[in-house]
Amino acid sequence: MTNMTVQVDEVDLEDENREQQEREQRHVVNGLLAEAGEAGRRAAGWVRELAGRQTEEAHRTVLGRAADAVEQACGREVVPGGDGQLREELAYDLAADIVTGSPYAAGMPELTMGERIALITVCGVAASMPGAVFGDLGRELPALAATMDAARALGLESTADGSAG
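Residues numbered from 1 in each chain as written. Predicted model: local features only at pLDDT ≥ 70, side-chain atom pairs only at ≥ 80, totals over all residues. Heavy atoms only, no water.

Caption draft 1: Spatial organisation of the overall build of the protein chain. The helix and strand tally for the protein chain stands at 5 helices and 0 strands. Taken from the N to the C terminus, the helices and strands of the protein chain come in the order α-α-α-α-α. The burial tally for the protein chain puts 36% of its 165 residues in the buried class. Here the analysis covers contacts within the protein chain between residues at least 6 apart in sequence; of these, 68% occur between residues at least 24 apart. (Helix = DSSP H or I, 4+ residues; strand = E, 2+ residues; numbered from the N terminus. Buried < 20%, exposed > 50% of the residue type's maximum accessible area, 1.4 Å probe, protein only. Contact = heavy atoms within 4.5 Å.)

Below you can see the structure in the form of structure tokens.
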């Protein structure tokens with residue numbers, strides 16, 4: 001009888017350990033999802049500020065769609081166990097040749113070269129986020145944060161009044 005009690009206690013302990021590990025893993029995954037979402041919101045806010053500065057409606061529209069796509073790609077598109085692929089529409093909205101100039105506009109968007117480079121980088125990182133958050137988070141989220149920090153340091157981040165900060 002004593003042996004049965006010990007064996008049951010060991011099984012209970014193993015189950016408790018497994019449940020604890022699963023809780024810890026869910027906590028880590030939730031933390032990664034929150035971090036990716038926050039990075040996307042911050043980057044999307046910056047892209048929206050760039051969009052707000054544009055005098056041509058076509059550029060405002062394209063950059064507004066890019067901002068929405070950045071936020072979605074870093075948020076609800078990041079699915080644990082998913083295939084890591086963006087929907088075709090989001091991938092289009094983040095494409096470098098789209099965000100750097102609407103084909104329906106007369107000229108290029110009103111962006112400095114530094115803003116243009118940072119914009120392409122932000123969109124590229126966002127496009128890779130669904131596949132990268134659970135693959136190589138150590139590289140992708142800091143890359144997005146570093147891009148935003150570099151934009152601020154260079155005075156490229158827009159301010160609320162629409163001027164370069």
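Caption draft 2: Quick look at the state of the cysteines. Overall, the coordinates contain 0 disulfides when judged by the stated rule. Free of any disulfide, C74 has its nearest cysteine sulfur in C123, 9.7 Å distant. Given a relative accessible area of 1%, C123 falls into the buried group. (Disulfide = S-S within 2.5 Å.)

Caption draft 3: Expanded view of the environment of V70. Along the polypeptide, V70 turns up in helix 2 (residues 57-74). Look at V70 and you get buried, because its relative accessible area is 0%. Between the C-alpha atom of V70 and that of G40, which follows or precedes it by 30 residues, the distance is 5.8 Å. Apart from the residues within four sequence positions on either side, V70 is in contact with G40, A43, A44, L94, V122, C123 and A126.

Caption draft 4: View of the environment of V79. When you line up the elements, V79 lands in the loop between helix 2 and helix 3 (88-94). In this structure V79 comes out as partly exposed when scored by relative accessible area, which is 44%.

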